[in-house]
Amino acid sequence: MKTGNLRKMKTELGEVVNYSLVLGDELISMNQYLGKVITLKYEGEINCVYCGVKTNKSYGGGYCYKHLISLPECDMCIVKPEQCHYHEGTCRDPEWGQSHCLKPHIIYLANSSGAKIGITRESQVPTRWIDQGASFALPIMRVSERLHSGLVEVMLAREISDKTNWRKMLKNEVPEVDLFEIRDQFFDSFESDIDKLIEEKFNGSDVEYLEEDIVEINYPVLNYPEKVKSLSFDKQDVIEGKLLGIKGQYLIFDEGVLNIRKHSGHKITFTSGEE
Ligand SMILES: [Zn+2]
């Protein structure tokens, strides 16, 4: 039995992804519980993932209200990187901006529920892909900062989705798509648009077109659900069942699926059937 404040699961890319549940300072290796009954009990307390203060409501994935409205990682530009406003001098915390947004970013294609485009800080590869439950990912460009990746993404998203359909992802409805072909088509059809963007907005900074291999990601799943019912600690204090799999940031039970990340900051007690 372990109790602590939930964080998003830690992951490690191997033949299958290795997941650890994070409860405060404790790490619980989760792959070993596949096929076994586990229990997560909500202790009725949410602590801000930043300051630890008790908050009645969790904002923006585990923050107290004060930090929702003041931390750079809770700003709108995190969801919309093309709106990064560091260069306007209005970043909520310029030091944070320098270490997170003014770093090389990767523009990638992924297939989790169909082809999509996305961006991430280079150091977040492959974590970001795993968190989204992608089965395949292909990095296509490297740019020198977050804003640039956002501008390219918005352009390419005119022709491809930038979202994952999480229900399809969890049902493992992954259509066959040729990410190499999509990449090559993009570079053909958007060549002059991208050139123009680089000339007008990138101020001479580096842009690299990547020729990388597709990364395949396999998840520890015994059975994919046919219907996806979402479980939540808003509705019930105890979530218990046989663990059928883990994909993205979801635990898949026979009864439904639990988005771990969404419950960041919730105080949880974990027990497995053997205890
Ligand atoms: Zn806080």
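None of these values were measured; they are calculated from a predicted model.

Regarding the coordination of the zinc ion
Protein coordination at the zinc ion comes from Cys 48 (SG), Cys 51 (SG), Cys 64 (SG) and His 67 (ND1), with a distance range of 2.1 to 2.4 Å. If you look at the zinc ion, its 4 donor atoms make angles of 93 to 124° with each other, and the shape they trace is tetrahedral. Positions of the donor residues of the zinc ion, expressed as sequence spacing, correspond to C-x2-C-x12-C-x2-H. A relative accessible area of 3% places Cys 48 in the buried class.

Brief notes about the environment of Pro 126
If you trace the backbone, Pro 126 turns up in the loop between strand 6 (115-121) and helix 4 (127-131). Classification of Pro 126 by relative accessible area gives partly exposed; the value is 22%. Taking the C-alpha atoms as reference points, Pro 126 and Ile 217, separated by 91 residues in sequence, lie 9.3 Å from one another.

So, the pattern of salt bridges
Enumeration according to the criterion identifies 9 salt bridges in this entry. For Lys 8, the salt bridge is made with Asp 131, and the minimal N-O distance between the two is 2.5 Å. Here Lys 8 is found in strand 1 (residues 2-12), whereas its partner Asp 131 is found in helix 4, with 123 residues between them in sequence. Looking at Lys 8, the relative accessible area reads 26%, which means it is partly exposed. The exposure class of Asp 131 is buried, given its relative accessible area of 12%. Two residues, Lys 41 and Glu 43, come together in a salt bridge whose shortest N-O distance is 3.3 Å. Residue classification places Lys 41 among the partly exposed residues on the basis of a relative accessible area of 37%.

Describing the domain arrangement of the protein chain
By domain assignment, the protein chain separates into domain 1 (2-67 + 220-272) and domain 2 (102-216). Between the C-alpha centres of domain 1 and domain 2 the distance comes to 28 Å. Of the roughly 1400 Å² buried between domain 1 and domain 2 on both sides combined, carbon and sulfur atoms contribute 61%. On the domain 1 side of the interface with domain 2, the three residues burying the most area are Leu 13, Val 228 and Lys 247, jointly 38% of the side's total. If you look at where domain 1 meets domain 2, you find 5 residue pairs in polar contact (both at pLDDT 80 or more). Of the residues assigned to the side of domain 1 that touches domain 2, the class counts are 9 nonpolar, 4 polar and 4 charged.

A short note on the nonpolar core
With 42 residues, the main nonpolar core has Leu 21, Met 30, Ile 38, Leu 40, Leu 251, Phe 253 and Phe 270 as its most contacted residues. Residue assignment places this core across two domains, with domain 1 (2-67 + 220-272) and domain 2 (102-216) each supplying three or more. Aside from chain neighbours lying at most four places away, what touches Phe 253 is Ile 38, Leu 40, Leu 231, Ile 239, Gly 241, Lys 242, Leu 243, Leu 244 and Leu 258. Core analysis: the next-biggest nonpolar cluster, separate from the first, contains 27 residues, Ile 119, Met 141, Leu 156 and Leu 179 among them.

Details of the packing of aromatic side chains
Counted according to the given criterion, the structure contains 7 aromatic pairs. Residues Tyr 108 and Trp 129 carry aromatic rings whose centres are separated by 5.7 Å and whose planes lie at 70° to one another, so their mutual orientation is edge-to-face. Here the residue Tyr 108 occupies a position in strand 5 (residues 105-111), and Trp 129 occupies one in helix 4, the gap between them amounting to 21 residues. By relative accessible area, which is 0% here, Tyr 108 ends up buried. By relative accessible area, Trp 129 is classed as buried at 2%.

Some remarks on the pairing of strand 2 (residues 18-23)
Along strand 2, 5 of the 6 residues are buried, which leaves the element largely enclosed by surrounding structure. Across 5 bridges, the pairing between strand 1 and strand 2 is antiparallel. The residue of strand 2 that forms the bridge with Arg 7 is Val 22. Taken together, strand 1 and the strand that follows it, strand 2, pair antiparallel across an intervening segment of 5 residues. Direction of pairing for strand 2 relative to strand 3 (residues 26-29): antiparallel, over a ladder of 4 bridges. Across the sheet, Leu 23 pairs through a bridge with Glu 26, a residue of strand 3. Connecting the antiparallel pair strand 2 and strand 3 is a turn made up of 2 residues, with Gly 24 showing a positive phi of about 60°.

Rules of the game
Residues numbered from 1 in each chain as written. Predicted model: local features only at pLDDT ≥ 70, side-chain atom pairs only at ≥ 80, totals over all residues. Heavy atoms only, no water. Donors = N, O, S within 2.8 Å, 3.2 Å for Na, K, Ca; no water. Tetrahedral: all angles 85-135°; square planar, octahedral: opposite > 155°, others 65-115°. Buried < 20%, exposed > 50% of the residue type's maximum accessible area, 1.4 Å probe, protein only. Helix = DSSP H or I, 4+ residues; strand = E, 2+ residues; numbered from the N terminus. Salt bridge = Lys/Arg side-chain N within 4 Å of Asp/Glu carboxyl O. Domains from an automatic or database assignment. Buried area = accessible area lost by both parts, 1.4 Å probe. Polar contact = N/O pair within 3.5 Å; in protein donor to acceptor, adjacent residues only side chain to side chain. Nonpolar A, V, L, I, M, F, W, Y, C, P; charged D, E, K, R; others polar. Core = buried A, V, L, I, M, F, W, Y, C linked by side-chain atoms within 4.5 Å. Contact = heavy atoms within 4.5 Å. Phe/Tyr/Trp six-rings, centres within 6.5 Å; stacked < 30°, edge-to-face > 60°. Pairing = 2+ DSSP bridges.

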